[in-house]
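# Inside the fold
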Amino acid sequence: MNNRSLVIRHTIYLFITALIWGTAFVAQSVGNIMGPFTFNCLRSLLGGLVLIPFIKYFYKGIKPDITTIKGGICCGLCLFAASNLQQYGLLYTSPGKAGFITAGYILIVPILGLFVGKRISARIAAAVVAALVGLYLLCIPVGEGMSINQGDMLCMVCALVFSLHIITIDHFAPKAEGVKMACIQFLVCSALSAVLMLLFEEPDPKSIAEGIIPLIYAGVFSSGVAYTLQIVGQPGVNPTIASLILSLESCIAVIAGWLILGEGMNTREVTGCIIMFAAIIITQLPQKAKKKSA
């Protein structure tokens, strides 16, 4: 398989990831019913357990190498911090503002990338700016404004940690066993969330039972499938472009609400979606090769 075909395949993996995350938005809202730490503990545990049979079937040995272990632990730490910051942020701010601020990783990733030698072209930089404009139109209703509250601050830190998560995957994934690394990531996130769950929450079996279907969807698909596809799909794709593709989850969440739940889409939201999709398409257009000087 040539390099271009490989990039296309990995890009498709990231699009599927954004699709699953976008449609799982409703399922994630159940986290504030059973407690953020409880939800993330059980969700991540499901995500890790569902991968074990897959690893046993497709890999010769279940024991991971040292690079995979290191990558899984580092990614698990980032995922633990980001997912719990996001879940707590939703307690104090609107979903629209939380989505917009969290998706700020599309701006943070290229900035962090400069420190590890990942440079971007002017075309990709323009796409990042356009995507931020589209996100603002999509997520922030007219008149809501951008006043900062406690939830917004938590989501800002969450955006930074999600950026570190993307950079960490970019570093480890090409050298690690992707599915095994994803499994370790979930188990680390689940274990750390369990500690805070026992310290600060009282898990209620009734609340867990009431939200079991959304929890299974979020655990198996949003975590187990989507985050694994992110790890498998990111190698070979510029991390800035990867962050742009993943940010489409906001568009997909709105479109899914329109198609599945019958929620309306106003002109502002449609415009935001169009701008974001256009920004992604711009990054995928092949660049003309530079003419060699005589």
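Computed from a predicted structure; not experimentally measured.

### Notes on the overall build of the chain
Of regular secondary structure, the chain possesses 16 helices and 0 strands. Put simply, the chain has 294 residues, and 48% of those count as buried. Counted over contacts in the chain with a minimum sequence separation of 6, partners at least 24 positions apart contribute 92%.

### Some remarks on the packing of helix 1 (residues 3-23) against helix 13 (residues 212-233)
At a minimum axis distance of 8 Å, the contact between helix 1 and helix 13 shows a crossing angle of 155 degrees. Comparing the axis directions of helix 1 and helix 13 gives the class roughly antiparallel. In this structure, helix 1 meets helix 13 at a crossing whose hand is left-handed. In this structure, helix 1 contributes H10, Y13, L14, I16, T17, I20, W21 and T23 to the contact, and helix 13 contributes Y217, F221, S222, V225, A226, Y227, L229, Q230, V232 and G233. For the contact of helix 1 with helix 13, a count of residues per class yields 12 nonpolar, 6 polar and no charged.

### A short note on the environment of P205
Assignment of secondary structure puts P205 in helix 12 (residues 205-210). Judged by its relative accessible area of 62%, P205 is exposed. For the pair formed by P205 and M34, sequence separation is 171 residues and the distance between their alpha carbons is 8.8 Å.

### Remarks on the environment of L244
Among the structural elements, L244 can be located in helix 14 (residues 239-246). The spacing of L244 and L107 is 137 residues in sequence and 9.0 Å in space, taken between C-alpha atoms. When neighbours within four sequence positions are excluded, L244 is seen to be in contact with I106, A127, V128, A131, I280 and T283.

### Focus on helix 1
If you check helix 1, its first and last C-alpha atoms are 31 Å apart, about what 21 residues at 1.5 Å a residue would give, namely 30 Å. Those residues of helix 1 that sit buried are V7, H10, T11, L14, T17, A18, I20, W21 and G22.

### Topic: the pattern of salt bridges
Using the criterion set out here, one finds 1 salt bridge in the structure. For K180, the salt bridge goes to E177, with nearest N and O atoms at 3.5 Å. Using a relative accessible area of 4% as the deciding quantity, one classes K180 as buried.

### Brief notes about the nonpolar core
Judged by nonpolar contacts, the single largest core of 59 residues is most densely connected at L51, Y105, L135, F162, M181, L244 and L248. Broken down by element, this core gets its largest block of residues, 8 residues, from helix 10 (residues 150-172). Setting aside residues up to four positions removed in sequence, F162 forms contacts with L79, A82, S83, Q86, T102, Y105 and Y227. Counting 5 residues, the second-largest nonpolar core is a separate cluster that includes M34, F39, L215 and A218.

### Here we look at the packing of aromatic side chains
Tallying each qualifying case throughout the model produces 6 aromatic pairs. Taking 5.3 Å as the distance between ring centres and 50 degrees as the angle between the ring planes, the aromatic pair formed by F37 and Y88 counts as tilted. Placement of F37 in helix 4 (residues 36-49) and of Y88 in helix 6 (residues 66-89) is noted, with a sequence separation of 51 residues between them. By relative accessible area, which is 9% here, F37 ends up buried.

### A closer look at the confidence of the model for the chain
Summarising the model, the chain shows a mean pLDDT of 85, and 89% of its residues fall at 70 or more. Per-element confidence in the chain ranges from a low mean pLDDT of 66 for helix 2 (residues 25-28) to a high of 96 for helix 11 (residues 178-200).

### A look at a nonpolar patch on the surface
Side chains of I66, I69, I73, L77 and L192 sit close together on the surface and give an oily, nonpolar patch of about 390 Å² of accessible area. Among the elements that make up the nonpolar patch, the one with the highest residue count is helix 6 (4 residues). Among the structural elements, I69 can be located in helix 6.

Each value, and the rule that gives it
- Residues numbered from 1 in each chain as written.
- Predicted model: local features only at pLDDT ≥ 70, side-chain atom pairs only at ≥ 80, totals over all residues.
- Heavy atoms only, no water.
- Helix = DSSP H or I, 4+ residues; strand = E, 2+ residues; numbered from the N terminus.
- Buried < 20%, exposed > 50% of the residue type's maximum accessible area, 1.4 Å probe, protein only.
- Contact = heavy atoms within 4.5 Å.
- Axes fitted to C-alpha atoms, helices over the stretch in contact; angles between N-to-C directions.
- Parallel < 35°, antiparallel > 145°, perpendicular 65-115°, else oblique.
- Left-handed = near helix turned anticlockwise from the far one by under 90°.
- Nonpolar A, V, L, I, M, F, W, Y, C, P; charged D, E, K, R; others polar.
- Expected span 1.5 Å × (residues − 1).
- Salt bridge = Lys/Arg side-chain N within 4 Å of Asp/Glu carboxyl O.
- Core = buried A, V, L, I, M, F, W, Y, C linked by side-chain atoms within 4.5 Å.
- Phe/Tyr/Trp six-rings, centres within 6.5 Å; stacked < 30°, edge-to-face > 60°.
- pLDDT = per-residue confidence, 0-100.
- Patch = residues over 30% accessible without salt bridge, like charges linked within 9 Å, V, L, I, M, F, W, Y side chains within 5 Å.
- Areas by Shrake-Rupley, 256 points an atom, 1.4 Å probe, with all protein chains shown as cover.

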